[in-house]
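Coordinate inspection notes
One-letter residues, chain by chain:
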Amino acid sequence: MSMPISGVTSTVGQPGPDPGAGPAAGQARAGTQGLARIGRAVRRNRKAAVGAVLLGIFILVAIFPGVIAKDSPSLDNYKPRLGVSTAHLLGTTAYGQDMWAQLVWGTRNVLIIALVVGLAATAIAVLIGVAAAYLGGAADGSLSVLTDVLLVIPLFPLLIVIAGYAHGGGTLVLILVITLTGWSYTARQLRAQALSLRRRDFLEAARVRGERQIYIIVMEVIPTMTSLIVASFLTNALYAVLFASSLQFIGLGDPNTQSWGTMLYWAQNNAALQTGQPLWAIAPGACIATLGAAFALLNYAFDEIGNPALRPVRRTRVKRAG
Amino acid sequence: MSSVRADADSHPAGSATTVGPMLTVNDLSVAYEMDRGAVAAVDRVSFELYPGEFLGIVGESGCGKSTLLFAIAQLLNPPAVVTGGNVVFKGVNMVGLTDKQLMAVRWRDLSVVMQSAMNALNPVKSIGAQLKDAMRAHGVTSADEIAKRSAEVLRMVSIDPVHLKSYPHQLSGGMRQRSMIAMALLFTPDLVIMDEPTSALDVVAQRSLMVQIKKLQAELGFAIIFVTHDMSLVSHFSERLMVMYAGQVAEWGATRQVFDNPRHPYSAGLLEAFPSIRGKRVPLTGIPGSPPDLSQPQQGCWFAPRCPKVMPVCTEVNPDLYSVQDVQVRCLLYGGPAGGTAPADAAAPAEEMSTGD
Amino acid sequence: MRFALRRLGFFLFTLWAALTLNFLLPRLMPGNPALAMLSKFHGQVNPGTIKALDILFGINTNQGLWSQYVIYLHHVATGNFGTSLDFYPASVSSVIGGAIWWTLALVGITTILAFALGTGLGMLAAWRRGGRLDSIMPPVFVITSAIPYFWVGMVLVLIFGITLHWLPTQGGFNVATDTPGLTPAYIGDVLSHAVLPAAALLITTIGTWILTMRNTMITTLAEDYVRMARAKGLPGRRIMVDYAARNAILPNLTGFAMSLGFVVSGAILIEYVFNYPGVGFMLLQAVQGEDFPLMQALFLLITLAVLVAILLADIATALLDPRTRAAG
């Protein structure tokens, strides 16, 4: 759960390339064209391809869990603490539930959280970041202070405190709480890019054409920022997965929902590692790590797409000419 | 005087006849290795430079002149790489030498001045510290020596030595540029390569910097290769002039010849784009079109699509360099299969063109 | 100077925001959580404790919100955080005092180590572009940066603690056999108990430092002043450190500030997995035991620690970058 690495080179005020200018630097295009370009770039980049495939697998599992796992995850009349076998691919829990089924069905909860928080937090971040950059003055000042304060206050302890007061909560509470506290990092990046775009020529051209500010923002600025917005979505999704799972792990989610985090909670409560049932803890953790890795790989690939200098280089040898 | 400074008497300016060329560039080619293939940025450039000479290289942005400069100084960054030719400086071919092997020559005999001092100076170190780094890298260890020489070079460019403690962002643009030149002269090298050192300055500062450079050259006797896009600026100060286009030498010879009587249509076009302030009023003509995309190699002359004097053979045959009265021109008007069918008016000096100033 | 004052102002403002958040949260939650907690402890706590709870959570709202707020701030300023309910009748301050050192040592040392090692490795990877270090590291550390902290901890517990029995996996020291004191036995025990948690923390945090340093270093190496340094014939090591790294590390220091939040979360979870007696573990215990006064105080403490760390990073930046000094 380290800090998302993408975009650090492009925070405001630092030397470095224009953040997220993307393969279409300088040209305003409709959002869909930007997405198409991104799609092509993703296919070419190996990291992105791996990440996309992994993500795709998880999405499929979330949509069709019944196809892969025959049992219901809550069915608990198996013999408890069974080991790995063909009947139970991962064995059974201390309560006699099939672990494989729990793992598969738990995917849905995690992906929903990732998706919803990702979209919602990114939407808030775009709104606040771009508004701050364009309104300027006092509005920018107060929005920026709000963003910075939320950035500095340690979020996980805050989440723990809130969830603690709420005596834990279901998935909805988790989503709400994580979204409301987690938009600040990406908002800062988006604001930085919006600021740098303000001075670009094609926007000047739009202004001279007489377009209204709102039109400029929605039709010209935001499409140019497509690359960074997608990267922000990935960052927020990753952050959501890790924090939600962590909260569930320490018991602040609803322990009765089917999720990887709750599996870990029950595993920890039953000292799974120490009582010879390591898979109960290792398997869901591995899934979280893999899903997180998928988001992180895609995110990192976006960094490379936006900043070609970071791409892998072949060592060139200076030719010894005669 | 400190011992760091080389003996100035050994390089009287302009003593071209007594010694052989100090620098010989033979068929130097540089390419950028990109994902989609190699792009030739410099294509078989050759020239010679004698001690104390001032050579100007002009051309549009992207014509390869900066790449050429960095290739000569062995400062190319990947993906740029030398793909052919050699650079013989004081008898040693520098292409292919490692950084360690080049250390003996670097800065002592050959130094570099870059375009923007704000970018070329380390922002977190003071001017004095950067001077010290350079001196210590070449064996000067006495703190006394370092202090003395640092103050000396700053005074040479009219900067108060108190600025040794200043950081680059604390100096004005002109001062930064001059301190870069001071740094370049630490060991009174034989050759100073300058990449558009005046482009970042306003016109007045440009002029005064050029005058200062010329004065220093007269005093210390170093040779200069000066790259710029401003032809009229460099023509006042250079002895020889090279015009580059699309990574190739388009025209090359004594400044007076090339400037007064440009033979290559591109050189002529460049000159016409800079009207003289005192000459007759002439209509401003630019060169239509834009610089070619070097990643799409084409048949024939690179300049053909924009050339006002283009002939059918120009799109089929790649012109070589042809000699015309001590000047070399890469144009089929002066050689090749067309047989040098130069129209009469190209050989005669144009009356409308004043000699600038 | 002005820059420093502005930063200080920002920190004080953030601290105030955290205090206010602390004050408002329980009062905003539907059904004051403190009331529920109180009924659980009914009869077991003395009036003094109830009064403290009143101040912290606004149970007996016979005073207006504003006056509650003022009294609350006054109490915080005098270090009075009330009495812990889990550790009744110990005061919150005394309970925290015991745990702080464990966390400071574990997290402090590991973070500095991770930062130093990570920055160094990132610098080397960028310097030898295309070398083995550079091609292996990015994908590897991109992945490790996405692994949940607690999972790494669990894997280490499984491998080194349970399967191999090399290292202890619970607690800060062996409570059964050791008494705290500056004896070699105790110190050795403490160290052996710290290895796995520290390793987990190191593994998960170092990835960020390596990758961001590598990225900024690559950008810096393309700068003109690095080319100039080569042109001057400066030795490679000096260029790498003095010209490139010194500039490349600056964005990293700023990023350090932002990543502290994640380091804190990691520390909490790792302490949980290892039952390590630090403030993170204590926070989780407080939540589970509904010891809200303790929980509040710990939250403030962690926030304060993060702010101090950021301030230190800012000072380091000012020391390294003369332009920041000038701006202030």
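Coordinates for the structure precede this section.
Residues numbered from 1 in each chain as written. Chains lettered and ligands numbered in written order. Predicted model: local features only at pLDDT ≥ 70, side-chain atom pairs only at ≥ 80, totals over all residues.

Right, let's get into the environment of Ala 146 of chain C. Note on placement: Ala 146 of chain C falls in the loop between helix 6 (132-144) and helix 7 (149-163). Along the primary structure Ala 146 of chain C and Gly 207 of chain C are separated by 61 residues, whereas in three dimensions their C-alpha atoms are 9.4 Å apart. Sequence-distant contacts of Ala 146 of chain C, defined by excluding residues within four places in its chain, comprise Leu 238, Ala 289, Gly 292, Ala 293, Phe 295 and Ala 296 of chain A. (Helix = DSSP H or I, 4+ residues; strand = E, 2+ residues; numbered from the N terminus. Contact = placed C-beta atoms within 7 Å.)

Attention now goes to the interface of chain B and chain C. Each partner contributes to the interface: chain B provides 25 residues, whereas chain C provides 22 residues. Of all the secondary-structure elements, those providing two or more residues to the side of chain B that touches chain C are helix 2 (99-102), strand 6 (110-113), helix 3 (117-120) and helix 4 (127-137) of chain B. Element by element, the count of residues in the side of chain B that touches chain C is highest for helix 4 of chain B, at three residues.

Moving on, we come to the nonpolar core. Ranked by internal contacts, the top residues of the largest apolar core, which has 280 residues, are Leu 159, Ala 240 and Val 241 of chain A, Ile 225 and Val 243 of chain B together with Leu 283 and Leu 298 of chain C. If you tally residues by element for this core, the top one is helix 10 (residues 236-274) of chain C, at 21 residues. Beyond its immediate stretch of four places on either side in the chain, Ala 240 of chain A contacts Ile 113, Ala 114, Val 117, Gly 118 and Ile 178 of chain A. (Core = buried A, V, L, I, M, F, W, Y, C linked by C-beta atoms within 7 Å. Buried ≥ 20, exposed ≤ 12 C-beta atoms within 10 Å, placed from the backbone.)

Glancing now at the interface of chain A and chain C. Of the residues lining the interface, 55 residues belong to chain A; the matching set on chain C comes to 61 residues. No other element matches helix 13 (residues 278-306) of chain A, which puts twelve residues into the side of chain A that touches chain C.

With 38 residues, helix 8 (residues 184-221) of chain C extends only 48 Å from end C-alpha to end C-alpha; this falls clearly short of the ideal 56 Å at 1.5 Å per step. Where helix 8 of chain C bends most, at Val 195 of chain C, the angle is about 35°, and the proline Pro 197 of chain C comes one to four residues later. (Expected span 1.5 Å × (residues − 1). Bend = angle between axes of the 7 residues up to and from the residue.)

On to the sheet that holds strand 1 (residues 23-34) of chain B, then. Residues and elements named next belong to chain B. Pairing is antiparallel across the open sheet formed by four strands, whose spatial order is 2-1-4-5. In this open sheet, the two edge strands, each paired with only one partner strand, are strand 2 (37-49) and strand 5 (92-93). The pairing of strand 4 (residues 80-89) with strand 5 spans two bridges and is antiparallel. Across the sheet, residue Val 88 finds its bridge partner in strand 5, namely Asn 93. The strands that helix 1 (residues 65-72) touches are strand 1, strand 2 and strand 4; relative to strand 2, the one it contacts most, it runs at about 70°. (Pairing = 2+ DSSP bridges. Axes fitted to C-alpha atoms, helices over the stretch in contact; angles between N-to-C directions.)

Take the sheet that holds strand 12 (residues 327-329) of chain B next. Residues and elements named next belong to chain B. Across the sheet, which stays open at both edges, the eight strands sit in the order 6-7-8-3-9-10-12-11 with mixed pairing between neighbours. The sheet is open, and its two borders are formed by strand 6 and strand 11 (322-324), each paired with just one other strand. Taking each pair of neighbouring strands and ignoring which way they run, the sheet shows an average axis angle of 20°. Relative to strand 10 (residues 248-254), strand 9 (residues 240-245) runs antiparallel, the two sharing six bridges. The residue of strand 10 that forms the bridge with Arg 240 is Ala 254.

Here the focus is the packing of helix 2 (residues 46-63) of chain A against helix 4 (residues 99-135) of chain A. Residues and elements named next belong to chain A. Between helix 2 and helix 4, the least distance of the axes is 8 Å, while the angle of their chain directions is 110°. On the basis of the axis angle, helix 2 is roughly perpendicular to helix 4. Contacts from Phe 58, Ile 59, Val 61 and Ala 62 of helix 2 reach helix 4 at Val 104, Thr 107, Arg 108 and Leu 111. Residues belonging to the contact of helix 2 with helix 4 are distributed by class as follows: six nonpolar, one polar and one charged. (Parallel < 35°, antiparallel > 145°, perpendicular 65-115°, else oblique. Nonpolar A, V, L, I, M, F, W, Y, C, P; charged D, E, K, R; others polar.)

Residue and element names in this part refer to chain B. For strand 10, the tally of buried residues reaches six of seven residues, placing the bulk of the element in the interior. Of the strand pairs in this sheet, strand 10 and strand 12 are connected by two bridges, and their pairing is antiparallel. By the bridge assignment for strand 12, Glu 251 is matched with Val 329.

Residues and elements named next belong to chain C. Contact pair helix 6 / helix 8: the axes reach a minimum separation of 8 Å and the direction vectors enclose 135°. With respect to their mutual orientation, helix 6 and helix 8 come out oblique. Crossing handedness for the pair helix 6 and helix 8: left-handed. Contacts between helix 6 and helix 8 involve Met 137, Pro 138, Phe 141, Val 142 and Thr 144 from the former and Ile 203, Thr 204, Gly 207, Ile 210 and Leu 211 from the latter. (Left-handed = near helix turned anticlockwise from the far one by under 90°.)

Moving on, we get to unusual backbone geometry. All names here are of chain B. In this structure, the amide linkage connecting Pro 78 to the following residue, Pro 79, adopts the cis form with an omega of 10°. Residue position: Pro 79 is located in the loop between helix 1 and strand 4. The residue Asp 27 is not glycine, and still its phi comes out positive at about 50°. When you line up the elements, Asp 27 lands in strand 1. With 12 C-beta atoms packed within 10 Å, Asp 27 lands in the exposed category. The residue Ala 246 is not glycine, and still its phi comes out positive at about 50°. Structurally, the position occupied by Ala 246 is in the loop between strand 9 and strand 10.

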